[in-house]
Amino acid sequence: MNGPVYHLPTAQGVAGVHGIRIVTEKAIDDQWTHDLWAADIIPFIQALLDEYFKNSERCETSKSLSKPPWETDCDGYAMKWNSVAKKQWNDGKEYYLKFGFGEHHPQCLIVSIHD
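Before going into details, it helps to say that this report is about the structure given with it. Computed from a predicted structure; not experimentally measured.

As for the packing of aromatic side chains
All chains considered together, the criterion is met by 6 aromatic pairs. Between Phe44 and Trp81, the ring centres sit 5.2 Å apart and the planes meet at 70°, which makes this aromatic pair edge-to-face. With a gap of 37 residues between them, Phe44 in helix α3 (residues 38-47) and Trp81 in strand β3 (residues 71-82) connect regions that are remote in the sequence. Centre to centre, the rings of Tyr77 and Phe99 are 5.8 Å apart; their planes meet at 10°, and the pair counts as stacked. Taken as a pair, Tyr77 in strand β3 and Phe99 in strand β5 (residues 93-101) lie far apart in primary sequence, 22 residues in all. With respect to burial, Tyr77 and Phe99 carry one shared label: buried. Ring pairing ties together the aromatic residues Tyr6, Phe53, Tyr77, Phe99 and Phe101, which thus form one cluster.

As for unusual backbone geometry
Look at Trp70: it is not a glycine, yet its phi comes out positive at around 60°. With a phi close to 55°, Lys86 is a non-glycine residue in the positive phi region. One can find Lys86 in the loop between β3 and β4 (87-88). By relative accessible area, Lys86 is classed as partly exposed at 36%.

Reading guide: rules and limits
- Residues numbered from 1 in each chain as written.
- Predicted model: local features only at pLDDT ≥ 70, side-chain atom pairs only at ≥ 80, totals over all residues.
- Heavy atoms only, no water.
- Phe/Tyr/Trp six-rings, centres within 6.5 Å; stacked < 30°, edge-to-face > 60°.
- Helix = DSSP H or I, 4+ residues; strand = E, 2+ residues; numbered from the N terminus.
- Buried < 20%, exposed > 50% of the residue type's maximum accessible area, 1.4 Å probe, protein only.

Here it is, written out as structure tokens:
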């Protein structure tokens, strides 16, 4: 298995300062299905630890929601989460979030949200 593309503390800092942008229609729809909303994503990213890393891969982004090249390198993490307290919780529902960064803008690009 390959390691993360992004240094997690740096990714957390950039996401905290510049925010997020959901760049696939599926991730937009998945907020409804999995009850992890845009307002929850930055606290979720901030709470991640290296041990929650699952995989990294090159992911497509939506042409209607992003700019060329319509793909980005992404890291996927899974963590048990309490959406009310907005913190990691061992008895919480496990969510998987895949994110990356574009070449010419600092926002964290969200490509996948699921459980």
